[in-house]
Amino acid sequence: MISNENLKVYALPEIGNLKVHGRTTQERSPLTLFWTGSAVELNVRGSELWIEVESQYDIYETWISILINGVSVSRQMLTAGRYWVCVFRGMNADVVKNVRIVKDVQAMSGDPGCTLQIHAVKSDGAFLPVQEKPYKIEFIGDSITSGEGAIGAKAEEDWIPMWFSAIHNYTFMTAEALSAEYRVISQSGWGVLTSWDNNPKGNIPEYYEQVCGLLTGERNEALGAGDQHDFGSWQPDVVVVNLGSNDGGAFQSPEWKDTDTGKVYKQRLNEDGTYHEEDLTAFEEAVEQFLFKLRKNNPDAKLVWAYGMLGFPMMPAIYRAVDAYMKGTGDRKVSIIQLPDTTEETVGARTHPGELSHRRTAEVLAEYVRGMLG
């Protein structure tokens, strides 16, 4: 192989025109990508580009997708270690390429050793400014928003990072359709009040004000995952909350026992199969409280509760909770949209929404949000 002698290594702080996507800290030596959809973006005029990554994990490896001019051209598992990955080579040196290296997998709360960092890039070209997009959208959700099952055959049942995708995902598709910059806060199995298995610690609102507080372990703590997030640094025009599926699932799941306290948690069903009123009320209060928290931190954003990609049993409760919040506060910038349910034709791996389901949702959601932004 003929080596390119014009390649020059740049530490990330040396690149003035580097665009970072996703919640993270101010640290750039190296940069930590925490959430799914987090990315670095560059406009490169050159023939070759490499990126130095550092991937660590005990259980779940990280995957990345490489996008060139908005199209996904490569997707790969990052095995453990620190090394160079070639993004492209042999391209026309005079043409500017828009490049995005995207973290394709959610923050792994179940693996304290799982981290992805970017140290440097190497190129024979120049880095040009990345154009700012007119809108910003934040998506908050569970496995659906993490893109679990959005890639892979319907037969796949293993819970592994391979079947997660940030790109074959309604978040990416909606943002693209609206020409919006976006961020994702999501975790498989989690809810507004409780996780699918009745664990009350599996709720997104509790960690919303931190950089990536649902990550555990000393390494993540040292990287700033538990730091308070600076909301002033990035204010969304729209916040889309797609939560409730796992809260609904908790009613159908066995009780969860806290081994530290011995306390048992369970969202209960009545004998006739309806939701226990007390437990349903607790869910509604959690929705209402989360809206207060979202409004406090995003004072000007339009808040959209989007739900329904895996059925919509909690929809009446969500309507009541949002209505109570709006009546109590007079906040008129809140609304609800029912998303298209996943069908036999649109289902993906792990009985989750497949790419077709995500695409259908993105079309509906983008049209809805476009009406708000107009």
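Structural data are supplied above this passage.
All of these numbers come straight from a predicted model, not from anything done at the bench.

*Asks:* I tried to follow the overall build of the chain on my own but got confused; where do I start?
*Replies:* What the chain contains, in helices and strands, is six helices and 18 strands. Compactness check: the chain gives a C-alpha radius of gyration of 21 Å against a globular reference of 21 Å for 374 residues, within 12% of the reference. Its C-alpha atoms put the chain at 75 × 50 × 40 Å along the principal axes. Buried positions account for 57% of the 374 residues belonging to the chain. At a minimum sequence separation of 6, the contacts of the chain that also span at least 24 residues come to 76%. Of the roughly 15900 Å² that the chain leaves accessible, carbon and sulfur atoms contribute 50%. When the 34 positive and 51 negative side-chain charges of the chain are each reduced to one mean point, those points stand 5 Å apart.

*Asks:* I'm lost on the side chain of Glu-52 in this one. Help?
*Replies:* One can find Glu-52 in strand S5 (residues 49-56). Dropping the residues within four chain positions of it, Glu-52 is found in contact with Arg-82, Tyr-83, Trp-84, Gln-117, Ile-118, His-119 and Ala-120.

*Asks:* When you look at the packing of helix H1 (residues 170-178) against helix H6 (residues 355-373) in this model, what are you seeing that I'm missing?
*Replies:* Helix-helix packing is described using two parameters, namely the angle between the two axes and the distance between the axes. Where H1 contacts H6, the axes come no closer than 8 Å and their chain directions differ by 40 degrees. Looking at the two axes, H1 sits oblique to H6. Handedness of the H1/H6 crossing: right-handed. Within the contact between the two elements, H1 uses Tyr-170, Met-173, Thr-174, Ala-177 and Leu-178 and H6 uses Glu-355, His-358, Arg-359, Thr-361, Ala-362, Leu-365, Ala-366, Val-369 and Arg-370. Split by residue class, the contact of H1 with H6 holds eight nonpolar, three polar and three charged.

*Asks:* Help me understand the pairing of strand S14 (residues 238-242), please; the structure alone is not making it clear to me.
*Replies:* Side chains on a regular strand alternate between the two faces of the sheet. Counting buried residues in S14 gives five out of five residues, a clear majority hidden from the surface. Here S14 shows two buried faces, one formed by Val-238, Val-240 and Asn-242 and the other by Val-239 and Val-241. Here five bridges tie strand S12 (residues 135-141) to S14, and the two strands are oriented parallel to one another. For Ile-140, the partnering residue across the bridge sits in S14 and is Val-241. Strand direction decides the pairing type here: S14 and strand S17 (residues 302-307), joined by four bridges, are parallel. Pairing of Val-240 across the sheet is with Val-304, part of S17.

*Asks:* Just checking my understanding: could you explain the environment of Leu-215 for this structure?
*Replies:* Take Leu-215: it is sitting in the loop between strand S13 (180-186) and helix H2 (218-222). Measuring from C-alpha to C-alpha, the distance between Leu-215 and Gln-76 comes to 23 Å, with 139 residues separating the pair along the chain. Apart from residues no more than four positions distant in its own chain, Leu-215 is found in contact with Phe-34, Ala-107, Met-108, Ser-109, Asn-220 and Ala-225.

*Asks:* Help me understand the packing of aromatic side chains, please; the structure alone is not making it clear to me.
*Replies:* All told, the structure shown has 11 aromatic pairs when counted by the stated rule. Relative to Phe-231, the ring of Tyr-208 has its centre 5.4 Å away and its plane inclined at 40 degrees; by these criteria the two rings are tilted. With Tyr-208 in the loop between S13 and H2 and Phe-231 in the loop between H2 and S14, the pair connects residues that are 23 residues apart, well separated along the chain. Residue classification places Tyr-208 among the buried positions, given a relative accessible area of 0%. You can call Phe-231 buried: its relative accessible area is 10%.

About the thresholds
- Residues numbered from 1 in each chain as written.
- Predicted model: local features only at pLDDT ≥ 70, side-chain atom pairs only at ≥ 80, totals over all residues.
- Heavy atoms only, no water.
- Helix = DSSP H or I, 4+ residues; strand = E, 2+ residues; numbered from the N terminus.
- Rg over C-alpha atoms; globule rule 2.2 N^0.38 Å.
- Buried < 20%, exposed > 50% of the residue type's maximum accessible area, 1.4 Å probe, protein only.
- Contact = heavy atoms within 4.5 Å.
- Areas by Shrake-Rupley, 256 points an atom, 1.4 Å probe, with all protein chains shown as cover.
- Lys, Arg positive; Asp, Glu negative; His and termini not counted.
- Charge placed at Lys NZ, Arg CZ, Asp CG, Glu CD.
- Axes fitted to C-alpha atoms, helices over the stretch in contact; angles between N-to-C directions.
- Parallel < 35°, antiparallel > 145°, perpendicular 65-115°, else oblique.
- Left-handed = near helix turned anticlockwise from the far one by under 90°.
- Nonpolar A, V, L, I, M, F, W, Y, C, P; charged D, E, K, R; others polar.
- Pairing = 2+ DSSP bridges.
- Phe/Tyr/Trp six-rings, centres within 6.5 Å; stacked < 30°, edge-to-face > 60°.

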